[in-house]
Amino acid sequence: KPTISVVRHSVKVKTATIAVSVPAAGTLVATGRDIKRSVGHVAKAGTATIGVTLTGQGLRVLAKNPHQRVNVNVKLRFTPKHGAPLTAYVRLLMG
């Protein structure tokens, strides 16, 4: 059964980059609370990267509390050109 998995991620204050292993060509979408929806198109199987950015609400929390970080749960949904959609989750500590 094909799956997707998070290979690595890196966080810079308000943005994060997530590397995801995908089994085929298709579309990768990252969604979650306090982050902007992000869409990436994948041409072939392998490792795809997608960037996410905090929303205004998440940035306000950081501005009011300089030493606090925002915990974000990111849902990664991969829809291959042929086949059923696949989902993976990753938790990021941003700020």
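From a predicted model like this one, the values you see are computed outputs, not experimental measurements. Here the residue numbering is sequential within each chain, running from 1 through the sequence in written order. Where totals are concerned, whole chains, interfaces and linings use all residues; where local detail is concerned, this predicted model gives features only for residues with pLDDT of at least 70, and gives and counts side-chain atom pairs only at 80 or more. Only hydrogens and water are set aside when side-chain values are computed; all heavy atoms of the structure are taken into account.

Thoughts on the overall build of the protein
Counting from the N terminus, the helices are the DSSP runs of H or I reaching at least four residues and the strands are the DSSP runs of E reaching at least two. A tally of regular secondary structure across the protein gives one helix and seven strands. Ordered by position from the N terminus, the helices and strands of the protein form the series β-β-β-β-β-α-β-β. Across the 95 residues that make up the protein, the buried fraction comes to 36%. In the protein, of all internal contacts separated by at least 6 residues, the share reaching a separation of at least 24 is 48%. Counting only carbon and sulfur atoms, one obtains 51% of the accessible surface of the protein, whose full area is about 5,900 Å². To sort residues, take the accessible area from a 1.4 Å probe on protein chains only and compare it with the maximum for the residue type: under 20% means buried, over 50% means exposed, and anything in between is partly exposed. Whether two residues are in contact is decided by their heavy atoms: any pair within 4.5 Å suffices. Where accessible areas are quoted, they stem from the Shrake-Rupley method and a 1.4 Å probe; at the residue level, only the protein chains shown are allowed to cover.

Here we look at the nonpolar core
Within this scheme, the nonpolar core is defined by two criteria: the residues are buried Ala, Val, Leu, Ile, Met, Phe, Trp, Tyr or Cys, and they are joined through side-chain atoms within 4.5 Å. Counting residues in each nonpolar core, the largest one holds 24 residues, and the members touching the most others are I18, L28, V74, L76 and L92. Residue assignment for this core shows that the elements contributing at least two residues are strand 2 (15-22), strand 3 (26-31), strand 5 (46-53), strand 6 (70-80) and strand 7 (86-94). Ignoring anything within four residues of it in the chain, the contact list for L92 reads H9, V11, A16, I18, V52, V70, N71, V72 and V74.

Quick look at the sheet that holds strand 2
Strand pairing follows a simple DSSP-based rule, namely that at least 2 bridges must link the two strands. Strand order in the open sheet made by the three strands is 1-2-5, with antiparallel pairing throughout. Edge positions in the sheet fall to strand 1 (5-12) and strand 5, since each has one partner strand and no second. Between one strand axis and the next, the sheet turns through 20° on average, direction left out of account. In terms of strand pairing, strand 1 meets strand 2 through seven bridges, oriented antiparallel. Bridged to R8 within strand 2 is A19. Orientation is described by axes fitted as lines to C-alpha atoms, over the contacting stretch for helices, and by angles from 0 to 180 degrees between their N-to-C directions.

Honestly, it's all geometry; don't read function into it.
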